[in-house]
Amino acid sequence: MKANGPTAPRPRRDTALRRVAREARPFLRARTGAVLRLAGWSLLEFAQTFLSGYGVARALDDGFLASRPATGLCWLAVAAVAVLPSVFAARGVFGRLADLVEPLRDGLVRRAVSRALGGALGRSGDVSTRSLSQVTHQSEIARDGWAGLVLTLRSFAFTAAGAVTGLLALAPALLLIVLPPLAVGAALFLATLPPMAARQRAYLAAAEPPGGPWRSPGPWPTPSSPPPGRWPAGRPSGCWPSPSAAASRRSCCSSRRPGCCGTG
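All values reported here derive from a predicted model rather than from experimental measurement.

Q: In this structure, what is going on with the packing of helix 2 (residues 32-64) against helix 3 (residues 69-81)? I would like to understand it.
A: Two quantities define a packed helix pair, namely the angle between the helix axes and the distance between the axes. For the pair helix 2 and helix 3, interaxial distance at closest approach is 8 Å and the crossing angle is 175°. Between helix 2 and helix 3, the angle is such that the two are roughly antiparallel. In this structure, helix 2 uses Leu 51, Ser 52, Tyr 54, Gly 55, Val 56, Arg 58, Ala 59, Asp 62, Gly 63 and Phe 64 to contact helix 3, whose residues at the interface are Pro 69, Thr 71, Gly 72, Leu 73, Trp 75, Leu 76 and Ala 79. Along the lines of polarity and charge, the residues of the contact of helix 2 with helix 3 split into 10 nonpolar, five polar and two charged.

Given below as structure tokens:
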């Protein structure tokens, strides 16, 4: 017979999305200035979207359709001028994007190096080959994916805000027709992010080299003890002395003396 009483709440499943969100919040909180600067440059894109559509609409309604071509041309000039700041906006956006992307890559590299060093000290000098892949290949993929995600979300948010604001200024009744499919599309896009992240994680796991220990191949051969078959057995004395073997060998080969570089 079960005892009556309050049941303990079931612990929430720690999914990959929750783990990412748990680490993303302090990361973005520490870079609030970079996020605000990126949003400030993105406002130029918002203004371009709004003024381009609004200017063309006013040029038709208040200008050409009302038999006032001068007014229509003025509104078209406003729409054309609104495109110019987008050039500076693109430069500013990519400049501020680096303030969010590069710290992420640096943090991932530091974490992978710290984990590899900790594992090496704990396993008597053995280092897993996964660490090399995490420092080089995986950190660059994470950096590029984070940059693409930020650019996509930023462009969608500010462009959609500019279009909705223009529609609100011109024909508010049309928002009832435009907003529902726009919201459904945004929800579908957000719903695709966890499966895409899972696929990317599976790809990185499959691309990792085997997790066996990596060991040093040993000391390089010295000029005084060349590997067998590398140098001719009958070389004359002084052909490539040991203190500077590589440079002396090139000099010997260029002189074409008998016995050098395997010549008779």
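That shown, we press on.
Q: What's the story with the layout of surface pockets in this structure? I'm lost.
A: Roughly 2200 Å³ of volume is contained in the largest pocket. Taken together, 49 residues make up the lining of the largest pocket; nearest its centre are Val 20, Leu 104, Leu 108, Ala 142 and Trp 146. Listing elements by their share of the lining of the largest pocket, those giving two or more residues are helix 1 (16-29), helix 2, helix 4 (85-122), helix 5 (130-170) and helix 6 (175-207). No other element matches the 14 residues that helix 5 contributes to the lining of the largest pocket. Residue classes in the lining of the largest pocket are distributed as 31 nonpolar, eight polar and 10 charged.

Q: In this structure, what is going on with the nonpolar core? I would like to understand it.
A: The biggest cluster of nonpolar side chains holds eight residues, and these are Ala 34, Leu 38, Val 93, Leu 97, Leu 100, Val 101, Ala 147 and Val 150. Elements with a minimum of two residues in this core: helix 2, helix 4 and helix 5. With four residues, the top contributor of residues to this core is helix 4.

Q: Hey, could you run me through a nonpolar patch on the surface in this one?
A: On the surface, Val 56, Leu 60, Phe 64, Leu 65, Leu 73 and Leu 76 cluster together to form a nonpolar patch covering roughly 550 Å² of accessible area. Put simply, the parts of the chain that give the nonpolar patch at least two residues each are helix 2 and helix 3. Top contributing element to the nonpolar patch by residue count: helix 2, with three residues. Along the polypeptide, Phe 64 turns up in helix 2.

Q: Before we go on, may I ask you to explain helix 2 in this structure?
A: Side chains three or four residues apart in an α-helix point the same way, a direct result of the helix having 3.6 residues per turn. Spanning 33 residues, helix 2 covers 46 Å between terminal C-alpha atoms, matching the ideal 48 Å at 1.5 Å per step. Three or more residues of helix 2 are buried, namely Ala 34, Leu 38, Ser 42, Glu 45, Phe 50, Tyr 54, Gly 55, Ala 57, Ala 59 and Gly 63.

Q: Please clarify how the packing of aromatic side chains should be interpreted in this entry.
A: Each aromatic ring pair is specified by the distance between its two centres and by the angle formed by the two planes. Tallying each qualifying case throughout the model produces three aromatic pairs. Measuring from centroid to centroid gives 6.4 Å for Phe 27 and Trp 146, while their planes differ by 75°, and the two rings are edge-to-face. With a gap of 119 residues between them, Phe 27 in helix 1 and Trp 146 in helix 5 connect regions that are remote in the sequence. Of the aromatic side chains, those joined through ring pairs into one cluster are Phe 50, Tyr 54 and Trp 75.

Cut-offs and rules
- The written sequence of each chain sets the order in which its residues are numbered from 1.
- Predicted model: local features are reported for residues with pLDDT of at least 70 only, side-chain atom pairs are reported and counted for 80 or more only, and whole-chain, interface and lining totals are derived from all residues.
- Excluded from the side-chain calculation are hydrogens and water; included are all heavy atoms of the structure.
- Axis lines are fitted to C-alpha atoms, over the contacting stretch for helices. Their N-to-C directions set the angle, which ranges from 0 to 180 degrees.
- Strands here are runs of E lasting at least two residues and helices are runs of H or I lasting at least four, both read from the DSSP assignment and numbered beginning at the N terminus.
- Oblique is the label for every angle not falling under 35 degrees (roughly parallel), over 145 degrees (roughly antiparallel), or within 65 to 115 degrees (roughly perpendicular).
- We call two residues in contact whenever any of their non-hydrogen atoms come within 4.5 Å of each other.
- In this classification, the charged set is Asp, Glu, Lys and Arg, the nonpolar set is Ala, Val, Leu, Ile, Met, Phe, Trp, Tyr, Cys and Pro, and all remaining amino acids, among them Gly, are polar.
- Only protein atoms enter the 1 Å grid used here. Points where a 1.4 Å probe fits but cannot escape make up a cavity, open sets with protein on both sides within 12 Å along at least five of seven lines make up a pocket, and a residue lines them when an atom lies within 4 Å of a point.
- Grid points are joined across faces, edges and corners, and a volume is the space filled by probe spheres set on the points.
- In these notes, a set of buried Ala, Val, Leu, Ile, Met, Phe, Trp, Tyr and Cys residues joined through side-chain atoms within 4.5 Å is what counts as a nonpolar core.
- Only protein chains enter the accessibility calculation, which uses a 1.4 Å probe. A residue is then buried if its area is under 20% of the maximum for its type, exposed if over 50%, and partly exposed in between.
- Only residues above 30% relative accessible area that lack a salt bridge enter a patch, with like-charged residues linked at up to 9 Å and the nonpolar side chains Val, Leu, Ile, Met, Phe, Trp and Tyr linked at up to 5 Å.
- Computed with a 1.4 Å probe, the accessible areas rest on the Shrake-Rupley method; for each residue, only the protein chains presented here act as cover.
- A pair is scored as a salt bridge if a Lys or Arg side-chain nitrogen falls within 4 Å of a carboxyl oxygen belonging to Asp or Glu.
- Helices are assigned an expected span. That span is 1.5 Å times one less than the residue count.
- Each Phe, Tyr or Trp ring, with Trp reduced to its six-membered ring, pairs with another whose centre is within 6.5 Å; inter-plane angles below 30 degrees give stacked pairs, above 60 give edge-to-face pairs, and intermediate values give tilted ones.

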